[in-house]
Every structure is written in C-alpha cells, then in structure tokens.
Amino acid sequence: MKRILQDERGMALAVAIFALVVVGALVAGAFFAGTQEQRVGENQRRVQTSFGVAEAGVQEQVVNWNSTNNNKRPTYPPDSVAIASQQAPNGTGTYFGYSYKMGPNVFLLNVVGRDKSTVGGGTAGGAGAQQRIGLITRIAPVDFGIHASLTTQGSVKVGGNAAINGADQVPTGWASCDPPGSAQAGVRDQGGQVTSSGNSTVTGTPPIVNDPSINNNTFTTFGGATFAQLAARATITLPGGNYSTAPVFNGDGSCNKTVLTNWGDGDNPTSQCGSYWPIIYLTGTTTLNNTQGQGILLVDGDLNIQGSYQFYGIVIIQGDLKTAGGGSTDAHFWGGVMAKNADLSVQNITGKATLNFSSCSILQALQATSPISMMRSRGWTQLY
C-alpha cells in the first residue's frame, strides 16, 4: 500500500511569502507607473511654461523694438543682433536669442525660452525644458497721407527764388533708390490762396490741389499713429531754439548717436551716419541754420529754415513753415512736408529754398523709424 503524507505544515508561510512578493511587485509597478506619470506631467508642464516664456519673449521684442538700431542694419547673413538673456514677465523664466533681417522690410525673431526651474538648475547640469520660437515680422509704417510736396491748410506765399516741386525726385548722390514714381501735386491745401512772386515756381501734377477734407486732424492723426505717439517714440527731443545740426563721428569712424544735434548724414548716405534716421521732436518754435538732417522731424510750433539747410525725410509742423534760402548751396527739403500753415517767402534772393517731393526719402525714413508687427497670417513656428 502507498504511504499517504498527511503532514503539510509550512505551506501557509510559502503562500504568504509568494503573496507578499506578488503584492510587492504590484505596488512597485504602481509606484513606478505613478512616478513616470508624474514626471511626464511635470515635463509637459515645464515644456508648456518654456513655450509661454518664448512666446512672451518674442512679443516683448515686437513691443520694445528699437527701430533706430535694427531697421537699417545689413541683411542676413552678414549681420544678426543678439537678444540678451532677460527675465520673462512675472518671473516665469528667461529668454534669449537672435534677430535677423531677412529683407528690406522683413525680420525673423529667433527666441529660446526656459522655465524658471530649468534656469534655477532644477535638473542636473541646469539642462531641462526649453522651447524655441521663430516669429516672422514686417515693418509697419505709419501712413502720413503725403500726396504732395507741401500739405497745408493755410495760405501759401512763395517768393524770391523759392520752388515747390511735386515731381518724384531722387536726392543728389543717392544710388540705392528705385526709379521715381508718378508726380504728385506741388501744394495740397484746404482751399486757401497760393501766391507766387519773383522767380518762384510751383510745379506738379497738378501744381495745386484744393482738398476740403484737410483739417487739424490731418496734421495730428495718421494711419497707425498720432503726433503725440510719434513724439513719445522720438530718438531726439529738444526744446525750441536755434540749432545747427550735422553728422558727428567717433574716433573709429562710427556714428556718434549720443550727440543731440547729430541728425544723420543724408548728404553722404554711404557714411556711418548715413544709416542713422532719427525721429526728432522739437517742443517749440525752432530755427535751423546749417547744415543737414534726415529722418522724421516733428515740430510743436513754427519751423524757420535759414541758409542752405538740407533735410531728407518727413516733416510734420504744427505751426508755420518759414524758409529763407541762402548760403553756398540751395536750401532743400527732400521728401514731404506737412505744415498747418506755410509762408515760404525767401528773404535772401541770392539763395533758393526748394521743396522736392521724394518717395525714396519718405520710404527710407519710414523703413528706418517704423516699428514691426506680426504677419497677418500665421507668422510664427516652433523651432527645434
């Protein structure tokens, strides 16, 4: 007969140990899965935070765009401008990167954002979540509505050898301008009287346009900005007075932009100051006598031009414009002039005050001084 084993003592311990192993494995697996899920969630949070930092960074660059330093720099690849590392809004992280000029009016902002934990060394070696965004922007010029060499709502007196010419002209010595466009009016006014005497001339297509829609707002409210907003963005602000302005260079030949009477070098566009186009705000009646300037000139008062002064760009005057040409060369405005009232009587008949419409000067002033904005369609992409 077979012997039947009746003693099974010790099986409970074995089963308990096996159960503990199984349960421990299950618990360890749950902990591992939970930890991994937590890490994935944390990484996703940090990635999204970094993306938000990068997005805030590009927006800050658009809002705080320095047109004086950026707009007239060379086109990529010869040149790029570093965006220094700086704090994102609310201290959520830091961003840095580069801006590239891709064409005359197009810029690429390449910004890297890092969340606060990554910047603070929350992971080994300080590495961790970061996101890179590329934003394509374009220059957003102000529409001043310049359709004549001189726009005014007052009467115009042209005397001596003064000339107002609405034909589109390229300034002397400028080689990078497009071919001249269609001729504009010489004078565009509200319907006031335009008189000439002596050897003065008013020419254009037509010479004079009467526009009843011209009013005070024509000289203070423009497409995309107001006079006050432009004045707030001014590169140079000076009180009313008598000034002589001319380009100033440092010892190494670079343009010294810290001198308030340095308004660029339109006479020599290839010089280091030839690419300097400031916004100048004169807070009172001002007289300019020698030598030259360029950019956007805002005058909260009257503007008197003496001698052979040359200005290239856009001039907005809240008072009267008075010129007295003379000196060794003619006094010229190249671009467009808008003055609420204008008195162009030339006191020195040996000289000549000339207002020339120049779309090239206007375009150069707008390209150099305008802020940037995003493209209307999707203008950004996530970079890797």
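Relevant structure appears above.
Residue numbers run consecutively from 1 along every chain, following the written order of its sequence. Local features are withheld for residues below a pLDDT of 70 in this predicted model, meaning they are given only at 70 or higher, and side-chain atom pairs are given and counted only at 80 or more; totals for whole chains, interfaces and linings count all residues. Heavy atoms from the whole structure form the basis of all side-chain values; hydrogens and water molecules are not counted.

Concerning the overall build of the protein chain
The following threshold applies: Each helix is a run of DSSP H or I of at least 4 residues and each strand a run of E of at least 2, with the numbering of both proceeding from the N terminus. Residue contacts follow a heavy-atom distance rule, with two residues in contact if any of their heavy atoms lie within 4.5 Å.
When helices and strands are tallied, the protein chain shows 5 helices and 23 strands. Look at the contacts in the protein chain between residues 6 or more apart in sequence, and 57% of them connect residues 24 or more apart.

Description of the environment of G224
Turning to its location among the elements, G224 is positioned in the loop between β12 (221-222) and β13 (225-226). Along the sequence, G224 and F144 sit 80 residues apart, while their C-alpha atoms lie 8.7 Å from each other.

Here's the deal with the environment of L282
The residue L282 is located in strand β16 (residues 279-282) in this model. For the pair L282 and L297, spaced 15 residues apart in sequence, the C-alpha to C-alpha distance is 7.8 Å. Not counting residues up to four positions away in its chain, the partners in contact with L282 are L238, W263, L297, L298, V299 and D300.

Some words on the packing of aromatic side chains
Which entries qualify depends on this criterion: Centres within 6.5 Å make a pair out of two Phe, Tyr or Trp rings, where for Trp the six-membered ring is used; the pair is then stacked when the planes are under 30 degrees apart, edge-to-face when over 60, and tilted otherwise. A 1.4 Å probe rolled over the protein chains alone gives each residue an accessible area, and that area as a share of the maximum for its type sets the label: buried under 20%, exposed over 50%, partly exposed in between.
Evaluation of the coordinates by the stated rule reveals 8 aromatic pairs. Ring plane angle 65° and centroid distance 5.1 Å describe the contact between W65 and F107, whose orientation is recorded as edge-to-face. Separated by 42 residues along the polypeptide, W65 in the loop between α1 (11-63) and α2 (67-70) and F107 in strand β3 (residues 106-115) bring together distant segments of the chain. Here W65 matches F107 in class, with each residue buried.

Here we look at the pattern of salt bridges
It is possible for side chains bearing opposite charge to pair when their charged atoms get close. The criterion, for reference: For this document, the term salt bridge refers to a Lys or Arg side-chain nitrogen within 4 Å of an Asp or Glu carboxyl oxygen.
Summed over the entire model, instances satisfying the criterion amount to 3 salt bridges. The shortest N-O distance in the salt bridge between R45 and E42 comes to 2.6 Å. Note that R45 and E42 are positioned in helix α1 at a spacing of 3 residues, about one turn of the helix. We classify R45 as partly exposed; its relative accessible area is 45%. A relative accessible area of 33% places E42 in the partly exposed class. Notably, a salt bridge pairs D211 with R188, separated by 3.0 Å at the nearest N-O pair. Here R188 lies in strand β8 (residues 185-189) and D211 lies in the loop between β11 (208-210) and β12, a separation of 23 residues in the sequence. Exposure remark for D211: the relative accessible area of 17% places this residue in the buried category. The exposure class of R188 is buried, given its relative accessible area of 13%.

Topic: the nonpolar core
Formally: What is meant by a nonpolar core is a set of buried Ala, Val, Leu, Ile, Met, Phe, Trp, Tyr and Cys residues, joined one to another through side-chain atoms within 4.5 Å.
Within the largest apolar cluster, 30 residues are counted, with the highest numbers of intra-cluster contacts made by W263, L297, L303, L321 and F333. Of all the elements in the fold, those that place two or more residues in this core are β6 (156-158), β14 (236-238), β16, β17 (286-299), β18 (303-306), β19 (310-324) and β20 (331-343). For this core, the element with the highest residue contribution is β19, accounting for 4 residues. One finds V142, Y312, I316 and A365 within the second-largest nonpolar core, a separate group that totals 29 residues.

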